[in-house]
Amino acid sequence: MNSKRVFSIKSPHGPGGVFFAWQRTSGGYLATTGYDQVISIYNRHADIIEQLRLQGMCSCFGWDKDGDLLAVITDKSPNLLIWDANSGRSQWLDTGIRDPLNVLIWSKTGPTLAIGSYRGNLMIYNHKTSRRVPVIGKHSKAITCGAWSSGNLLALGSEDRTLSISNLDGDTIRMATLRADPQDIQFCEMKQDERSNAENTVSLVVGGKTLYLFNLYDPENPIELAFQSRYGNIVAYKWFGDGYILIGFSAGYFVVISTHMKEIGQELFQSKNHRESLTGISISTTIGKAASCGDNMIKIHELNDLKETSNVITLDDERGLDHMDWSEDGQLLAVSTSKGNLHVYLSKLPLLGSACQTRVAYLTSLLEVTITNAVEQMGSIVVGADIEPSFLALGPFHLALGMNNRAWFYLLGETNVDLMRDREYLGTVQDIQLNSDYCAVRYDGKIQLHILESEGIGSEERESKIFPETGKNDVISCMSLTPDFLIMGTDMGGISYFYVEDWCTVTEFKHITGIKSIFSEPSGTKICFLDSKNQGYIYSPVTDALVLVRDIPASTKLILWDQCPSDKDILVAYDGEALHTFVLDMDNVAGPSVTSLGMTRVPMGQHPILLYAGEVSLQTQSGKLVKLTLSTHDITININELKSDELRDLLNKNLRLGRLNNGWSICDLLNNTDDWETLAKAALERLEVDVAIRVYRNIRNLSMVWSLEDLKDIEDRKLLSGHISMLLGDYNQAQDLYLQSSSPVEALNMRRDLLQWDQALTLADRLATAEIPLISREYGQQLEFTGDYPSALAHYQRALLADGLKEDAAQDREEHNAACKSGIARMALRCGDMRLGLSMCHEVKSRQLNRECAEILENMKQLGEAAQLYEASNYYDKAAHLYIKLKNWTKIGQILPHISSSKIQLQFAKAKEADGKFKEAVVAYEAARDYDSAVRILLDRLNDPENAVRIVKQTKSTEGAKMVAKFFQKLNDFSSAIQFLVLSRCVDEAFQLAQQNAKMDLFAEIVGDGATPEDYHSIAVYFEGERNHLQAGKFYYRAGEHSKALRHLLKVAASTTDDSEPLNLAIEVVGSSGQAHLARQLIEFLMGETDGVPKDAKYLFRLYMARKQYKEAAKTAVIIAREEQSAGNYRNAHDVLFNMYQELVNNRIPVPWEMANNLMVLHSYTLARLHVRRGDHLRGARMLLRVANNISKFPAHCVPILTSTVIECHRSGLKNSAFTYAAMLMRPEYRKDIDEKYRKKIEAIVRKPQKTEEQEKNTRCPYCSNDVPESDLYCSNCKNSLPYCIATGFHIVPNDLTACPVCKFPATRTELLKLIEDGVVCPMCVETIASSDIKSMTPSQIVRGGGEREKMEPDDQDDEDETRPLTGSSVKTGSSHGSRPTSFK
């Protein structure tokens, strides 16, 4: 609170102190006196109303309880002065007491006055009746203080240190003796366990030190409370609240105690309010304040929280303060000073204010009104008033002030105001409101509407009008004036809109009870009113909709609409303590509704005037305007710093306020599907379909987007609301909305979709009778599913369509009736009506229905009928199952070919076997896959071993094989018996039988690879005893006894000329054993160290391969190839080297240079023959030159190869090369072997040499950019050996490269494709390949040097030249024709 000094009176009674008393009740007058023997009476604006001259110095004065009379006594006169505030007249009355008067006390209940004298005498005077009751000698000494109780008991204190309690007649009731002089007697209610409403305690200060509490009901036990000496003397004390006492001490202390017995003696609050001294305290319960004065300062506290100092007033021009007191209404606080001055401060203003749009007019002083803009920062206008206004109203251009029945009107400028006029009305103004042109005044149940400025008004009748109009007796209880309408409410519930423009009533509404107050939305299109039952409603004259405002407080005093256009549907209800926020949604999916959003506490002593964008402008008692943000609108601006939970709370706040755009921003931060769904739901509830589509599209809920896209163009709001209610899951509301819309059949469709058939049938009966059969059928299906068969049957029967219905197509009707009849059939069977059920089955002729009904009959134990239906619907297995239960074998036999169930056929087979029909039984057993039983009957009953053997061989049946074996043993057919014993896994029995009957060879053949090592060992032992070393070795090998196997096999190899089988088997034994000593033993045998006869090298090669000794195998392969090559078997040599080459590559072992080089030379020879055959003589000549360069490797055909070389070179134009090799043929060792057919030609070449030769074509090296002759396999630039093409023999080129898909050797793609298209196989691997398998490659895909290069082991360093990896980086060591092959395949 910020107290403002209203006025000051400088020394009104001369030097010395000044004493004052506020008029009771109204506080309109202030009476003062001093040492000048004058009583001055001032009004609230420091105007002197009256001055009364006294006959002496005033000893005491005071106002009666109503404030009508002021009584004054003096120290020199026995007379009493009475001044009447209403008439202004004064009179002197003789008290009859002849000693000086000392104290005057007015009664709390009436105009009764008690006067005490210096000698202890008392006079009780009733001003109304003029009755005087003198009491002589009430006390022995001067009466100094006293007080009346509300029960008209009089307590007096005297200098004789006694306390007396008297009645209205002056009779003494109680008397108490005190320890010192009494001061400041007061009546009050002391807190006790049992509450009472009577003043039960007299309190007084004794000797300025203690507080004496005298209980009227316990006079023998008074309570005397002492305080700390440092507090000083008690200056004053005040009772407040529920038995609390506020005490001020001279040392500046401010203390609160309680009079409850449990708390008595305890200080509840203590504060040193003043540094040097405290001279007075005062309490105003009206405004809830307590104050103390001392030094030159006033401190004001909140009474409900004394720790809070609400204001401090410092009087800089004063040295000390004497007394202080509040007017009864708490508005004014008066304080007297030691200089004799009197200061009056404004502590509480009347909460008088009005708002128009964003401007507010409110009292800032008793005679001052301030007009300011509460939203925009604009200057304020201060209006000075001639009177204290009791009402005011603000309009767009005017201000009205007034009191009682008179009003003053001001014209508002930008910075100043002009008084236009004043006007009196026929009654006390209860409400006044303004718009731009008119003023509406309500008084005595009527409203007067009159023009503000009469200029420009065309007719006099539009200047003023009084409501109710003539002939109507309505009592108008409230009103609201908008720019266009005067809205009136009556005590009988009538609401009428008077349109100012047309000067007539345009609409009327009748409520069920009286209207107490009306609060209009700024445009007047919606109003909120309170009725006599304290219920709130929103009424819209546009749609005539009335919406109940639930949860509105019953004590609502004021309702404010938000003046912000974007929040025009927000309103708050003020109940004196808090603002309750509501939001109106006229476009809600459920219809117009008002939702409570929350509550905001209003600080005490503040009153709301204006609501704008969730911010309330409040008028305070000190004449200030403060802002308060509603808790429902308390929204943080910087939302990026909030946590997820805080963001969700903020999202809910915005959605409840209808701020969907804000909700979008918050959901964008949260990025959570559930929050987006919440936003979409809020948008749908407000029928904001476009916003909901945008949200669902953002979260990619396509189904909702498509659904809403179909709805957004619907103009019927009821229909649209129905669709949205259905999407939100509120089906009852959706039905109600559908039925109110232009398409009520949608309610029926919804109930059908929800499978709510009872409601659907009810709606169909009203809306679409043609749909009843379809709904009945669907309902029947649901009832059938839930097990309510009788009801389902009834609905199926109801659903049948007559043939004459034209609404359905014939085919649809037939399908519908078929479904209904099927349902009737099923339900009739379940309800026990078999005749109806079976007749429907035969009528419908449905395989599915027959099966369903058969299952029902089966469950009902009607097996015969069920089996017939199964059979009729081709469910033969199920029918046969039931026929078996019925022992109907005849029927089973009839349908047996159709039965697929093995179990049923087995049962039938057993039945036929029992009947002695063995052939039929065998067929049934085979059909049932019980082959053992079929074999048993064939052998035991039908003596048919052939079929039994057939079955056993087909099925591999163990038990069947045993039975067949036993059968053949009986016939002495041991070979067959052995075969079937092995088949039945009775190997031991078969072995014994073979041993006994010299059938071991057969047994061994039958056993094959499927026996155990023990069985193989037994066979080997048998053959060993028979000296069949080959078989013994073979079976010792299978038994895993490699040493014995090798021994027997070597015996066979040493004793026979055909040693291929035993040696090959021996190699296999050594390879699988992995034992080095066995390998050495076999190698010694192969090398001839055992018998002096070396064996063929191929066996040694195979041994190395079996043991995966690929390096040794490679060396051996080279030897074998060399032998084959020497013998002229070039293809064999080529194959040996190629296969070994592949083995080494597959096992990632470096290929020896000699092997690769030999393979290249042999392949060149093969290609030479291929090229010559294909007529490509130049390529053939180039390949023959490469072969002739290595002619020593072809000793068997030196002359033929050289001859071919000469002929092909001569034919191809390679004259110099032809001469070179022709001259070689002329050597003596070759000349004699030249074919006569070519001798002369060769001799001619030698005799007439032509050394001209076409230069060989150069192609690019695959490793570098150097050009190399195409037949050379070495690049002199990068020092790499070049891979050769398996199709041409030339080195490969990087831009036309492929590989054989089988052997992986590289080739020139175009050349290889030509060979394949001509039907030629791969020249290297001799495999047929398809053109589609030839893929283009890059050198990096073919060269092995990068990915397959093997690290050289240390032990292989000496063999580097032979085992060098084919990395393509070898240094040339020979001629171009004998260069090492590269790492290309």
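All residue numbers refer to position in the chain's written sequence, counted from 1. A pLDDT threshold of at least 70 governs which residues receive local features in this predicted model, and a stricter bar of 80 or more applies before side-chain atom pairs are shown or counted, although totals over entire chains, interfaces and linings include all residues. Think of the side-chain values as coming from all heavy atoms in the structure, minus any hydrogens and water.

Caption draft 1: Focus on the packing of helix H13 (residues 834-844) against helix H14 (residues 847-859). Put simply, H13 and H14 touch, their axes get as near as 10 Å, and they point 160 degrees apart. Viewed along their axes, H13 and H14 adopt a mutual orientation that is roughly antiparallel. For the crossing formed where H13 meets H14, the hand is left-handed. Along the contact surface, H13 presents Met834, Leu838, Met840, Cys841 and Val844, while H14 presents Leu849, Asn850, Cys853 and Leu857. Classifying every residue of the contact of H13 with H14 by side-chain character gives eight nonpolar, one polar and no charged. Every angle, taken between N-to-C directions, lies between 0 and 180 degrees, and every axis is a line fitted to C-alpha atoms, over only the stretch in contact when it is a helix. Only DSSP runs of H or I reaching four residues or more are called helices, and only runs of E reaching two or more are called strands; each is numbered from the N terminus. For classification purposes, angles smaller than 35 degrees are called roughly parallel, those larger than 145 roughly antiparallel, those between 65 and 115 roughly perpendicular, and all remaining angles oblique. Left-handed is the label given to a crossing in which the near helix is rotated counterclockwise from the far helix by less than a right angle, and right-handed is the label when the rotation is clockwise. We call two residues contacting when some pair of their heavy atoms lies within 4.5 Å. In this classification, the charged set is Asp, Glu, Lys and Arg, the nonpolar set is Ala, Val, Leu, Ile, Met, Phe, Trp, Tyr, Cys and Pro, and all remaining amino acids, among them Gly, are polar.

Caption draft 2: Summary view of the pairing of strand E27 (residues 289-294). Buried, partly exposed and exposed residues are distinguished by accessible area as a fraction of the type maximum, computed with a 1.4 Å probe on protein chains only: under 20%, between the cut-offs, and over 50%, respectively. Counting buried positions along E27 yields six of six residues, so the element is predominantly enclosed. Here E27 shows a buried face lined by Lys289, Ala291 and Cys293 and a second buried face lined by Ala290, Ser292 and Gly294. Note: strand E26 (residues 280-284) against E27, five bridges, orientation antiparallel. Paired with serine 282 across the two strands is alanine 291, which belongs to E27. Pairing between strands is defined by DSSP: at least two bridges between the two strands are required. Where E26 hands over to E27, the hairpin turn is made up of four residues, of which glycine 288 adopts a positive phi near 70 degrees. Looking at chain direction, E27 and strand E28 (residues 297-302) are connected through six bridges and run antiparallel. From the neighbouring strand, alanine 291 faces E28, where its bridge partner is isoleucine 300. Counting the residues in the hairpin turn of E27 and E28 gives two residues, including aspartate 295, whose phi is positive at 55 degrees.

Caption draft 3: Structural context of the confidence of the model for the protein chain. For the protein chain, the mean per-residue pLDDT works out to 82, and 80% of the residues sit at or above 70. Confidence of the prediction at every residue is given by pLDDT, a number between 0 and 100. Low confidence marks residues 804-808, where pLDDT is under 50. Its contacts with residues over four positions away, or in another chain, come to three contacts. The model gives residues 1343-1385 a pLDDT under 50, and that stretch makes 104 contacts with residues more than four places away or in other chains.

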